[in-house]
Amino acid sequence: MTPTKICLSLTEPTLAADLALVERNRDSIDAVELRADFLDSGERSALRSFPERARLPAILTVRRESDGGRFRGSEEERVSLLRSAIEAPWAFVDLEEDLAASEVEARARARSVRIIRSLHLTAGLPPDLAGRLRRLARSADELPKAAVLLGSSRDLLSLLDAYDELSGVEKVLLGMGPYGFPTRVLASRLGSALSYCTAGERSAAPGHVDPVTLSAIYRARSIGERTELYAVIGNPVMHSRSPWIHNPGFRALGIDAVYLPLPIDDIALFFAIAERLRIRGSSVTIPHKRAVLPYLAERSPEVARIGSCNTLVRTPSGWRGANTDASGFLAPLRRAVEGTRPPRRLPAMTALVAGAGGSARAVVFALTDEGARVTVANRTVERARSLAEEFGCDWAELSSGLVGRGFDLIVQTTSVGMEGGGVDAGGAGNDPLAFYDLSGREIVYDLVYSPRETKLLRRAQAAGCRVVPGMEMLLEQAYAQFALFTGRDYPRGAAET
Ligand code: NAP
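It should be emphasised that the depicted structure is a prediction, and the values quoted were computed from it without experimental measurement.

Take the sheet that holds strand β5 (residues 114–121) next. Taken in spatial order, the 8 strands line up as β7-β6-β5-β4-β3-β2-β1-β8 in an open sheet, and their pairing is parallel. Two strands in the sheet have a free side with no partner beyond their single neighbour: β7 (172–176) and β8 (194–198). Along the sheet, successive strands turn relative to each other by an average axial angle of 25°, direction set aside. The sheet contacts of helix α1 (residues 15–25) involve β1 (5–10) and β2 (31–35), and relative to β1 the element is tilted by about 150°. Against the sheet, helix α4 (residues 102–110) engages β4 (92–96) and β5, with an angle of about 135° to β5.

Structure representation (structure tokens):
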């Protein structure tokens, strides 16, 4: 297996700014691609100085708009720019499949600049991608490259077929967009000679991450045949902080494993992708926690009782489902309860659970199991009622009708107040319990972990309440998953959330 080179695509308006990014990221990259189409036009005359100043193998690319680039001039102007810039000691020049520029090619060959023959597919996966890539190179010394925008889990599976068909062929083959993200991390295992990333504000292609994340968090340069693979599946899932918990945990214990986000739009396809990528375990998040149940060979008692699964572990007899949400929820709550003066006990407490979605199920299970008296309150009261009836508790509408009930514990499980929570949830800065005056005696637990301190928690703290931020639950449920994945305790303090 040839180690994949991590290539930083440079998309700043000036060469000086591009070179500053090279210096800042030098330890995390093996090559650089100068995207000359992003440069201010006044910078183009100095292009030839770039390879020597970068002191890394450099790729020259001038991408036109139709291929996702920024070059707005005519094709003659583009070819003329390539022709003059090629005089410098570039390692590669990227020329598109349909580019007719024999003079540029001849000059490149004369100066030992290797040609990357590239194809950009943003309108879906062609039926015979492997065949097209095989036919791409015009001579044996060219490196064929295809960048394909993936729109679904099915696309990822088809791309994995293409990797299989092209096994042993020297190439660059990458999936763009969130569905293609695993191909950027696993490029060396899949057999892509390069994996690209971007630093700074302007992403060169959909799905790029920064070089430090790709190299240090996702270990893209050191993934080998034996590296164990773990994932978090959901839709959307690219925002997940879990890779910043699990990957530093593996690193701290010297475990050869990597954990990556895997957007999944059809749960059945996850199991097919997991076979192909030899995924050993996965976290499961919205909207798949219940959808995975029919695929489980074995269910932990918590999965059976809560009716949802947030952890998958591969066993010789199939997938075992576990749920660490309930124990992850309880661990920080126990610490908070033990810290109250005078000391309180969960079984003697009255609890308001705001929300009746997936996370509320685990919370209501955990609290009723501990013996607390729970009231579920939700915007859609029917959902509150159905959840409450399942676990034998009270229900109400999430409204001012709750005022004056004097709960000991308030658990906020709606998505209101969450960053990127969408218009419906009001986004960060909203307090779903704004109507509820806090006495200062309550423990207030907000499951939202981004932002770390929600408006509700700030209000609770100001009122003198003991508070539990959602990040504590996120960490605890991940620690429990880590133990299920690896059989080892999580090295507390390693997480980089
Ligand atoms: P979910 O299944 O989609 O449920 C969403 C809940 O939010 C429903 O009860 C919904 O009420 C309510 N809601 C949404 N918009 C609302 C609004 N504008 N006003 C009032 N209620 C609204 O989501 P989930 O899986 O339970 O996740 C909910 C939150 O918990 C998310 O922020 C998630 O990140 C967080 N979470 C944190 C952890 C952790 O480890 N800290 C774990 C899991 C989840 P309706 O039924 O009326 O739609």
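Let's shift gears to unusual backbone geometry. Across residues other than glycine, the phi torsion is negative in most instances, and most of the peptide bonds are trans. The step from asparagine 235 to proline 236 runs through a cis peptide bond, and the omega angle for that step is 5°. Mapped onto the elements, proline 236 comes out in the loop between β9 (228–234) and α10 (243–253). The residue after arginine 341, namely proline 342, is reached through a cis peptide bond having omega -5°. One non-glycine residue, arginine 219, lies in the positive phi region at around 50°. Position of arginine 219 relative to the elements: it lies in the loop between α9 (211–217) and β9. In this structure, arginine 278 takes a positive phi of about 55° despite not being glycine. The topology assignment puts arginine 278 in the loop between α11 (267–277) and β11 (279–284). Among the residues examined, arginine 278 registers a relative accessible area of 42% and is labelled partly exposed.

A few words on the pattern of salt bridges. Under the definition given, this model contains 44 salt bridges. Between glutamate 23 and arginine 55 there is a salt bridge; the shortest N-O distance is 3.4 Å. With glutamate 23 in helix α1 and arginine 55 in the loop between α2 (50–54) and β3 (58–61), this pair connects stretches of sequence that are 32 residues apart. Overall, arginine 55 belongs to the exposed group, its relative accessible area being 57%. Taking the shortest distance from any N to any O, the salt bridge between glutamate 298 and arginine 320 comes out at 2.9 Å. With a gap of 22 residues between them, glutamate 298 in strand β12 (residues 298–299) and arginine 320 in strand β14 (residues 318–322) connect regions that are remote in the sequence.

The rules behind each value
- One numbering rule holds for all chains: residues counted from 1, following each sequence as written.
- Note on the predicted model: pLDDT of at least 70 is required for a residue's local features to be given, and 80 or more for side-chain atom pairs to be given and counted; whole-chain, interface and lining totals, by contrast, use all residues.
- For side-chain calculations, the full set of non-hydrogen atoms in the structure is used, while hydrogens and water are omitted.
- Note on pairing: two strands pair once DSSP finds at least 2 bridges between them.
- Numbering of helices and strands runs from the N terminus; a helix is a DSSP stretch of H or I covering at least four residues, while a strand is a stretch of E covering at least two.
- Inter-axis angles, ranging from 0 to 180 degrees, are taken between N-to-C directions of lines fitted to C-alpha atoms, where helices are fitted over the stretch in contact.
- We call two residues in contact whenever any of their non-hydrogen atoms come within 4.5 Å of each other.
- Burial classes: relative accessible area under 20% of the type maximum marks a residue as buried, over 50% as exposed, and values in between as partly exposed (1.4 Å probe, protein chains only).
- Salt bridge, as used here: a side-chain nitrogen of Lys or Arg that lies within 4 Å of a carboxyl oxygen of Asp or Glu.

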